[in-house]
Amino acid sequence: MEIDEPRHPLTPYDLIGGEKQVRTLVDCFYDLMDEDPDYFGIRKLHPTSLDGSRDKLFKFLMGWLGGPPLYEQEYGHPRLRARHLPYAIASAERDQWMQCMVRAMAETGIDPVLQKRLAQSFFQTADWMRNRDG
Ligand code: HEM
């Protein structure tokens, strides 16, 4: 092994630029959802104040991207599908969530190759969250 070869492969968390960039991504995502009428369909599923949603998604993504598992430490197993059952999520809601996240990743300035990779993973999770036909 070369002396300066990293001992572990870099995680998406490292590649994105760590905690500060995860925070920027989440803020950008919810700012867009709050401001752009294209996302009203999913905005209206959320509470009036998005503060709690921002905090939870931030903590979840920290671990999901390969950083510290803050969400699990605080709330236990994410059980994401079960936690989304109270909200009617069909293809339209999945697609709005994805469009909002794809724009947030671009605005955050994430490396385009990583954006593409993350978009695929986000899509799988968002698709699995669907709990209504249509
Ligand atoms: C498919 C479309 C989706 C819709 C419409 C949606 C909507 C929502 C709503 C309305 C909440 C409740 C917010 C609150 O209590 O403040 C929520 C919570 C959450 N969502 Fe989503 N979501 C979607 C996809 C995703 C995806 C793909 C992820 C992860 C990559 C995710 C991660 C979370 C997390 C971590 C929470 C907090 C759960 C909790 O502890 O209560 N969501 N989502």
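Structural notes, computed from the coordinates. Keep in mind it's a predicted model, so treat the numbers as computed, not measured. (Residues numbered from 1 in each chain as written. Predicted model: local features only at pLDDT ≥ 70, side-chain atom pairs only at ≥ 80, totals over all residues. Heavy atoms only, no water.)

### A few points about the pattern of salt bridges
For the coordinates displayed, the defined rule picks out nine salt bridges. Of the charged contacts in the structure, one is a salt bridge between Glu74 and Lys59, with a shortest N-O distance of 2.8 Å. With a gap of 15 residues between them, Glu74 in helix H5 (residues 70-75) and Lys59 in helix H4 (residues 51-64) connect regions that are remote in the sequence. Between Arg94 and Asp127 there is a salt bridge, and its shortest N-O distance comes to 2.6 Å. Of the two residues, Arg94 sits in helix H7 (residues 91-108) while Asp127 sits in helix H8 (residues 112-128), which places them 33 residues apart along the sequence. With relative accessibility at 12%, the residue Arg94 sits in the buried group. The exposure class of Asp127 is partly exposed, given its relative accessible area of 24%. Salt bridges linked by common partners bring Arg94, Asp95, Asp127 and Arg130 together as one network. (Salt bridge = Lys/Arg side-chain N within 4 Å of Asp/Glu carboxyl O. Helix = DSSP H or I, 4+ residues; strand = E, 2+ residues; numbered from the N terminus. Buried < 20%, exposed > 50% of the residue type's maximum accessible area, 1.4 Å probe, protein only.)

### Re the coordination of the iron atom of the ligand
Note on metal sites: the ideal angle is 109.5 degrees for four tetrahedral donors, and 90 or 180 degrees for six octahedral donors. Of all protein atoms, just one serves as a donor to the iron atom of the ligand, and that atom is His84 (NE2), at 2.0 Å. Relative to the assigned elements, His84 resides in helix H6 (residues 80-84). (Donors = N, O, S within 2.8 Å, 3.2 Å for Na, K, Ca; no water.)

### Focus: H8
With 17 residues, H8 should cover 24 Å at 1.5 Å per step; its first-to-last C-alpha distance of 24 Å lies within 8% of that length. For H8, the complete set of buried residues consists of Leu114, Gln115, Leu118, Ala119, Phe122, Thr125 and Ala126. Buried residues in H8, looked at end-on, bunch into an arc of 135°, giving them a common side. Away from the buried face of H8 by more than 90 degrees, exposed residues Val113, Lys116, Gln120 and Gln124 are located. Buried residues along H8 sit against helix H1 (12-16), H4, H6 and H7. The N-cap residue of H8 is Asp111: its side-chain oxygen and the backbone nitrogen of Val113 are 3.1 Å apart. (Expected span 1.5 Å × (residues − 1). Arc of directions from axis to C-beta. Contact = heavy atoms within 4.5 Å. Polar contact = N/O pair within 3.5 Å; in protein donor to acceptor, adjacent residues only side chain to side chain.)

### Re the packing of aromatic side chains
Taken as a whole and judged by the stated rule, the model has six aromatic pairs. An angle of 75° between the planes, with centres 4.9 Å apart, marks the rings of Phe29 and Tyr30 as edge-to-face. Across this residue pair, the class does not change: Phe29 and Tyr30 are buried. Centroid distance Tyr71 to Tyr75: 4.8 Å. Interplanar angle 40°. Geometry classified as tilted. Note that Tyr71 and Tyr75 are positioned in helix H5 at a spacing of four residues, about one turn of the helix. By relative accessible area, which is 5% here, Tyr71 ends up buried. Members of the aromatic cluster, each reached through a chain of ring pairs, are Phe29, Tyr30, Trp64, Trp97 and Phe122. Lying across the ring of Phe58, Arg23 places its NZ or CZ 3.8 Å from the centre. Just above the ring of Tyr75 sits the side chain of Lys56; from NZ or CZ to the centre is 5.5 Å. (Phe/Tyr/Trp six-rings, centres within 6.5 Å; stacked < 30°, edge-to-face > 60°. Lys NZ or Arg CZ within 6 Å of the ring centre and 35° of its normal.)

### Overview of the packing of H7 against H8
Following both chains from N to C, one finds H7 and H8 inclined at 155°, their axes separated by 10 Å at the closest point. The orientation of H7 with respect to H8, classified from their angle, is roughly antiparallel. Both H7 and H8 take part in a crossing whose hand is right-handed. On H8, the residues touching Arg94, Trp97, Met98, Met101, Val102, Met105 and Ala106 of H7 are Gln115, Leu118, Ala119, Phe122, Phe123, Ala126 and Asp127. Taken together, the residues that form the contact of H7 with H8 break down as 11 nonpolar, one polar and two charged. (Axes fitted to C-alpha atoms, helices over the stretch in contact; angles between N-to-C directions. Parallel < 35°, antiparallel > 145°, perpendicular 65-115°, else oblique. Left-handed = near helix turned anticlockwise from the far one by under 90°. Nonpolar A, V, L, I, M, F, W, Y, C, P; charged D, E, K, R; others polar.)

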